[in-house]
Amino acid sequence: MGEGEGEAMSAQTETRPRFDAATLEVLWTRLISTVNEAAKALTRAAFSTLVNESNDFACIVTDVRGQSLVQNTDSIPSFIGALPVTVKHFIKEFGLDGLRPGDVLTTNNPWVATGHLNDVTVAKPIFRSGRIVAFAASTAHVPDIGGKIRSVEPREVFEEGFHIPPLKMLSEGRPNQTLFTLLRAAVRTPDQTVGDIYAQLTGLDLMERRVLELMDEYGLETLTELSDEIHGRCERAMRAAVRAVPDGVYSFGFETDGLEEPITYRVKVTIAGDEVTVDYTGTSPQVDRALNCTTTYTFAMTAYALKAALLPTLPNNEGVFRSIRLIAPEGSIVNPRFPAAVGGRVGTGHYLPVLIFGALSRVMPERVMAAAGSPLWSIIQTGVREGGGTYANVFFFNGGMGALHNRDGQSTYCWPSNISGVPVEMMERNSPLFVRHKRLRPDSGGRGRHRGGLGQEILFENESKTPIAIIFLAERTKNPAPGMFGGEAGALGRVEIDDKVIDNRLLYVLKEGQTVRLCTPGGGGFGPPGERNRELAAGDRLMGYASL
């Protein structure tokens, strides 16, 4: 049993629990193993590197009300918070009576799903004895969704690709062929995009089988009581963690790269008893580019930051989120009005945990981290193969994590997401890009008592005989990741084409032989640099992390 689960088990009420601790632990662990197994099946069946290499997906099981019970261990934090919202929307849209065994529901609507069109959500009602007892659900980032190449350039969501409103992808097991035909016609990667969706369906089927096997084995007619028990215990554990923080209003703010002008972020975190309110009033208005972040994603990243600081080891589920209240003014960049462009919403959402950690640093310095060299960097590259077929690639690159009070930041590690970089071999196999080198950036981690994590430098050359299009999603090229408690900021990132720094917000067309250099940002340091342990400093020089 993990530490967090133990806290949940000990958070008892005076009423007698429906499940004893041992049985609850077995059932809970079996459900977690179910979604973990589904995640492995999805990964093995997927066509694109976004899923089978970069881990850009999630699997969950909810109860009949759409409340999350478990999610796969390596889930993307934003999907954990957004997926249950989508399932609840499906229930509201179709009604439980409007669903049949074998139905699979789908959408990529940014305002009810994960915040941009590239993430396709699917959900399947699980029936037992003729009634719905749970939902299996999954979200995955497909390699292409049509429209403009994903960037911050679009002005409206209509430019960003194929929009799937909430509908049935499968009706009683029969595929919606019209949907699949339209989707294949709209995207640059029809086989990969549809193949990844079918991999998601494989995961749903596996979750359905394992949940029903568990219910048969333990004689459970519904999951409602088990859900109530798990949610109740986790809610009490989270509320106890909130109560341990002194009541007060904790504020923080900063500016980021933005567009022509910087974007301002402001937050007030109010602790009142066992509840926490996060208020983003004062944050910049929505913009006419694709940096806007819908509230589904805003809440998910907010809840993730609070849970990471307050109760990091407890498995995620609905109960954890019940003590959290979000205020995000309508029309702001963290709650944009339709039809705002949202494709680059990581360039906003990934700053929110840094913002919350900054606010909480006054009262819990040992639980927070200096700013990371994120949001996540990526390149989107498209072209036409010799045979005339279109293709698209998405490759991720990570900066350094921020330092903590007791250790250095991880180098080239994705935070606050959970995305893995694509290996060089896969990058060269799937694209015309030849990687000349991929290495750590010395001196890129912010100095401090504990050093920020290092960024990386990647240099690659275009070997395509025909021109290719490439665009970058990159942040912290103007405003570095700040340190904390006297720690210094990490190094800025930069993007170069043929050794010249370029505007990373624009789309570029590369000819054969042209090179691209990506230098991802370093994380911020923690504590005064003069307090760094001499052995650690010597080790940095020996390993080449810091110059002499």
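We now turn to the structure provided with this report.

Definitions and cut-offs
Residues numbered from 1 in each chain as written. Predicted model: local features only at pLDDT ≥ 70, side-chain atom pairs only at ≥ 80, totals over all residues. Heavy atoms only, no water. Helix = DSSP H or I, 4+ residues; strand = E, 2+ residues; numbered from the N terminus. Rg over C-alpha atoms; globule rule 2.2 N^0.38 Å. Buried < 20%, exposed > 50% of the residue type's maximum accessible area, 1.4 Å probe, protein only. Contact = heavy atoms within 4.5 Å. Areas by Shrake-Rupley, 256 points an atom, 1.4 Å probe, with all protein chains shown as cover. Lys, Arg positive; Asp, Glu negative; His and termini not counted. Charge placed at Lys NZ, Arg CZ, Asp CG, Glu CD. Axes fitted to C-alpha atoms, helices over the stretch in contact; angles between N-to-C directions. Parallel < 35°, antiparallel > 145°, perpendicular 65-115°, else oblique. Left-handed = near helix turned anticlockwise from the far one by under 90°. Nonpolar A, V, L, I, M, F, W, Y, C, P; charged D, E, K, R; others polar. Salt bridge = Lys/Arg side-chain N within 4 Å of Asp/Glu carboxyl O. Pairing = 2+ DSSP bridges. Expected span 1.5 Å × (residues − 1). Polar contact = N/O pair within 3.5 Å; in protein donor to acceptor, adjacent residues only side chain to side chain.

## Looking at the overall build of the chain
Alright, step 1. For the chain, the helix and strand inventory stands at 13 helices and 20 strands.
Alright, step 2. For the chain, the C-alpha radius of gyration of 23 Å lies close to 24 Å, the compact-globule estimate for 548 residues.
Alright, step 3. With respect to the three principal axes, the spread of C-alpha positions in the chain is 65 × 60 × 45 Å.
Alright, step 4. Within the chain, the fraction of its 548 residues that count as buried is 61%.
Alright, step 5. Of all intrachain contacts in the chain linking residues separated by at least 6 positions in sequence, the fraction that spans at least 24 positions is 73%.
Alright, step 6. Total accessible area computed for the chain in this model is approximately 20900 Å², and 51% of it derives from carbon and sulfur atoms.
Alright, step 7. Mean positive and mean negative side-chain charge positions of the chain (56 and 63 charges, respectively) differ by 2 Å.

## Brief notes about the side chain of T62
Alright, step 1. Mapped onto the fold, T62 is located in strand 1 (residues 57-63).
Alright, step 2. Exposure remark for T62: the relative accessible area of 0% places this residue in the buried category.
Alright, step 3. Sequence-distant contacts of T62, defined by excluding residues within four places in its chain, comprise Q67, S68, L69, V87, A134 and F135.

## Overview of the packing of helix 4 (residues 77-94) against helix 8 (residues 295-310)
Alright, step 1. Here helix 4 crosses helix 8 at 125°, and the two axes come no closer than 8 Å. With respect to their mutual orientation, helix 4 and helix 8 come out oblique. Here helix 4 and helix 8 pass one another in a crossing that is right-handed. Note on element contacts: helix 8 touches helix 4 through T296, Y297, A300, M301 and Y304, opposite P77, S78, G81, A82 and V85.
Alright, step 2. Partitioned by chemical class, the residues of the contact of helix 4 with helix 8 number seven nonpolar, three polar and no charged.

## Considerations on the pattern of salt bridges
Alright, step 1. According to the stated counting rule, one finds 39 salt bridges in the structure shown.
Alright, step 2. Among the ionic pairs, E153 bridges to R155, the shortest N-O distance being 3.5 Å.
Alright, step 3. One salt-bridge network, held together by shared partners, links E235, R239, R243, D274, E275 and R322.

## Here we look at the sheet that holds strand 9 (residues 263-272)
Alright, step 1. Read across the sheet, four strands follow the order 8-9-10-11 without closing on themselves; strand pairing throughout is mixed. Edge positions in the sheet fall to strand 8 (248-256) and strand 11 (324-327), since each of these pairs with one other strand and no more. For this sheet the average axis-to-axis angle between neighbouring strands, irrespective of direction, equals 15°.
Alright, step 2. Where strand 10 (residues 275-279) lies against strand 11, four bridges are found, and the strand directions are parallel. Each residue of the ladder has a partner; that of T277, found in strand 11, is R325.

## Looking at helix 7 (residues 224-243)
Alright, step 1. In this model, helix 7 (20 residues) spans 28 Å end to end at C-alpha, consistent with the 28 Å of a helix rising 1.5 Å per residue.
Alright, step 2. Most of helix 7 is tucked away: 14 of the 20 residues are buried.

## Details of the environment of A185
Alright, step 1. As for its placement among the helices and strands, A185 is situated in helix 5 (residues 177-186).
Alright, step 2. C-alpha of A185 to C-alpha of F162: the two residues are 23 residues apart in sequence and 9.8 Å apart in space.

## Considerations on the side chain of N504
Alright, step 1. Mapped onto the elements, N504 comes out in the loop between strand 18 (500-501) and strand 19 (508-510).
Alright, step 2. For N504, the side chain forms a polar contact with the main-chain oxygen of A474, separated by 3.2 Å.
Alright, step 3. Of note is the side chain of N504, whose polar atom sits 3.5 Å from the side chain of T477.
Alright, step 4. When sequence neighbours within four positions are dropped, the list of residues in contact with N504 reads F472, A474, T477 and V495.

## Some remarks on the packing of helix 5 against helix 6 (residues 190-218)
Packed helix pairs are characterised by how far apart their axes lie and by the angle those axes make with each other.
Alright, step 1. Viewed as axis vectors pointing N to C, helix 5 and helix 6 meet at an angle of 140°, and their least axial separation amounts to 8 Å. It follows that helix 5 is oblique to helix 6 by the angle criterion. The interaxial crossing formed by helix 5 with helix 6 has right-handed handedness. Residue-level inspection shows F180, L183 and R184 of helix 5 in contact with helix 6, the latter providing P190, D191, T193, V194, I197 and Y198.
Alright, step 2. Partitioned by chemical class, the residues of the contact of helix 5 with helix 6 number six nonpolar, one polar and two charged.

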